[in-house]
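Geometric and topological summary
Given next are the chains, with one letter for each unit.
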Amino acid sequence: MVRRLSVSLCLIAAVGFVALPAFAAVQNVKISGDINVSGVGRNNLDLQKTKTPEIAAAGESSDRQADFFSITRVKVDADLTDNVSTSVRLLNERNWNGDSTIGTEANRNIGLAAASTSKDQGNMNIDLASITLKEFMTPALTLTVGRQELRFGNGWIVGDPDTNGMALNSELAEGDLSSRKAFDALRARLDYNPLVLDLIYAKGAEGSTVINDDTDLYGINAGYELSPETILEGFWFSKKRNIARTSGLSNVDSGATTSFDGGVVAGTQVKQKDDVVNTIGARVVNKSVKNLTLDGQIAYQYGTYNPKLDPNARFISSTNKAETSPRSAWGTEIVASYDLKDISAVSKWEPSLTGAYIYLSGANRDK
C-alpha cells in the first residue's frame, strides 16, 4: 500500500510539474552549448616507464597515448522570476569510435582514467542541474542548490571534484582532460560590498545512504575588494572522509581487506580515525599594471592522515591496524598573466602569456 501511494504521489507531482508552465510565465530562456574536438599525443606523462602484460610484447611503455576525442555540451538557462533561475547542462565525452574496453589498460595505455569493464560512451549525462535564489530571506543572500561548478583559490584550492589526474565519472580514456568540474553542493553567497562571503557544503562521495561513510567538503571563502585593482581573499576548507562504523563492514586498501566492528579493526583495539584535510590560506590578486594580472596565494594544510583510506598507501599486513598521523604541509602559488590584446597583429585572437610558480612542501614520514 505504501509503495502504491508513493507511486501515485510521484505521478501527481510529475503531472503538476508538466502543467506548471501553463500557469507560470518564464521570463527568459537561453540555450547554448559547445562541441570540442581534440587530438592527443603524449608519452611518459606519469613519469614512469613501467610496462603492462597486455602491451609488453609490443615493446611499448604503459604511458603512451595517441587518439581523438569529442566533448559535447548543451546548456539551458531559464529565468523563472527576477530572483529565481535554473541551469541544466548535458554532457557527452567520448573517444572517437570508443567502445566498452576503453577503460582497460591495453586500450588507454596511460593509467589516468579509472579502470572499468563497461563504459557506454553514447550517454548524455547531467553535468549541471541547479536552482539559484537571489535575495533569499535577505537582500544580501544568494543561494544556489544542486549540481554546480565551484572554484576558489584560482582552482588551486577548490575547482575539480576529481584528484590525482583522475576523472572517475568520465567516459574518456584521458580522464585528466575531462570537462566535468561540477559538485553536488549548497552555496550561500553573502554580498556585503566590498566584502563577499561564500559558504559551501558539497558531497564528494555517497558511500551508503544509511551509513556515515561519505566524503564531505565544507568551506568558507571571504573576498574583499581593497581597490578596483586589488582583491584580498581568505579561505578555510575541510574535506572529511568518514570511516564506516557499522559492524560487519569492510574497508579495502592496497589489495587487503580490513574488517571493522564499530570503527575498530577486527582482532585489535585500534580505533579507526576519519581522514581529514583542513586547508587555510590567503590570496591576493592585483591588476595595477595595465594588461598584467598578478595572482599569489599561500595555504597551510592540517588534519589527520589515515592511509587505510588511501589506495596509494602502503599496507602493513603484519600489524593490521590503522596507521594514522597528523597532517602538516604548506604550499604557495604565484601566477603572472600578461594580456596581449593591445598588439594589433594578434589582438583578434585575444592571446596572453602566463607563467606560474608552485611550491608544495609534501610531508615527511618515517613509515
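Residues numbered from 1 in each chain as written. Predicted model: local features only at pLDDT ≥ 70, side-chain atom pairs only at ≥ 80, totals over all residues. Heavy atoms only, no water.

1. Thoughts on the overall build of the protein
Across its full length, the protein carries three helices and 16 strands. Of all 367 residues assigned to the protein, the portion counted as buried reaches 33%. Long-range contacts, defined as pairs at least 24 residues apart, comprise 59% of the intrachain contacts of the protein with a sequence gap of at least 6. Put simply, the protein shows about 21800 Å² of open surface, and 57% of that area lies on carbon and sulfur atoms. (Helix = DSSP H or I, 4+ residues; strand = E, 2+ residues; numbered from the N terminus. Buried < 20%, exposed > 50% of the residue type's maximum accessible area, 1.4 Å probe, protein only. Contact = heavy atoms within 4.5 Å. Areas by Shrake-Rupley, 256 points an atom, 1.4 Å probe, with all protein chains shown as cover.)

2. Looking at the pairing of strand β8 (residues 215-227)
As defined by bridge partners, strand β7 (residues 195-205) adjoins β8 across ten bridges and the pair is classed as antiparallel. Bridge pairing in β8 links K203 to D216. Where β8 lies against strand β9 (residues 230-241), twelve bridges are found, and the strand directions are antiparallel. Counted as the bridge partner of A222 is G234 from β9. With antiparallel pairing between neighbouring strands as the criterion, β8 and β9 make up a hairpin whose turn holds two residues. (Pairing = 2+ DSSP bridges.)

3. Some details on the pattern of salt bridges
Evaluation of the coordinates by the stated rule reveals 15 salt bridges. Here K75 makes a salt bridge to D77, at a shortest N to O gap of 3.9 Å. Looking at D77, the relative accessible area reads 21%, which means it is partly exposed. Taken together, the shared-partner salt bridges in this structure form one network comprising R89, D127 and E149. (Salt bridge = Lys/Arg side-chain N within 4 Å of Asp/Glu carboxyl O.)

4. Concerning the nonpolar core
Counting eleven residues, the largest nonpolar core is built from L150, F152, V158, F183, A185, I200, A202, L217, F235, F237 and A299. Mapped by element, the contributors of at least two residues to this core are β6 (182-192), β7 and β9. Residues contacting A185, with those up to four places away along its chain left out, are T144, V145, G146, Q148, L150, Y201 and A202. With five residues, the next largest nonpolar core counts V40, I71, L91 and L172 among its residues. (Core = buried A, V, L, I, M, F, W, Y, C linked by side-chain atoms within 4.5 Å.)

5. As for a nonpolar patch on the surface
A cluster of nonpolar side chains, contributed by V26, V29, I31, V74, V76, L80, V88, L90, M124 and I126, occupies part of the molecular surface with about 800 Å² of accessible area. Elements represented by at least two residues in the nonpolar patch include exactly β1 (28-43), β2 (64-79) and β3 (84-95). (Patch = residues over 30% accessible without salt bridge, like charges linked within 9 Å, V, L, I, M, F, W, Y side chains within 5 Å.)

6. Details of unusual backbone geometry
Backbone torsion omega between N193 and P194 reads 15°, so that peptide bond is classified as cis. Here P194 lies in the loop between β6 and β7. Residue E135 is not a glycine yet carries a positive backbone phi of 50°.

7. Quick look at the confidence of the model for the protein
Averaged over the protein, the pLDDT score is 75; the fraction of residues at 70 or greater is 63%. Element-level pLDDT for the protein is lowest in helix α3 (residues 105-108), with a mean of 39, against a maximum mean of 96 in strand β5 (residues 141-149). Across residues 100-118, confidence stays below pLDDT 50; counting only partners more than four residues off in sequence or on other chains, it has 55 contacts. This model gives residues 311-315 a pLDDT under 50, and the stretch forms 13 contacts once residues within four places in sequence are excluded. (pLDDT = per-residue confidence, 0-100.)

8. Overview of the side chain of T132
Considering the arrangement of structural elements, one finds T132 in strand β4 (residues 125-134). There is a polar contact of 3.5 Å between the side chain of T132 and the side chain of T144. Contact partners of T132, with chain neighbours within four places excluded, come to N83, V84, S85, T142, L143 and T144. (Polar contact = N/O pair within 3.5 Å; in protein donor to acceptor, adjacent residues only side chain to side chain.)

9. Things to note about the side chain of S87
Here S87 shows up in strand β3. The buried category is assigned to S87, whose relative accessible area is 12%.

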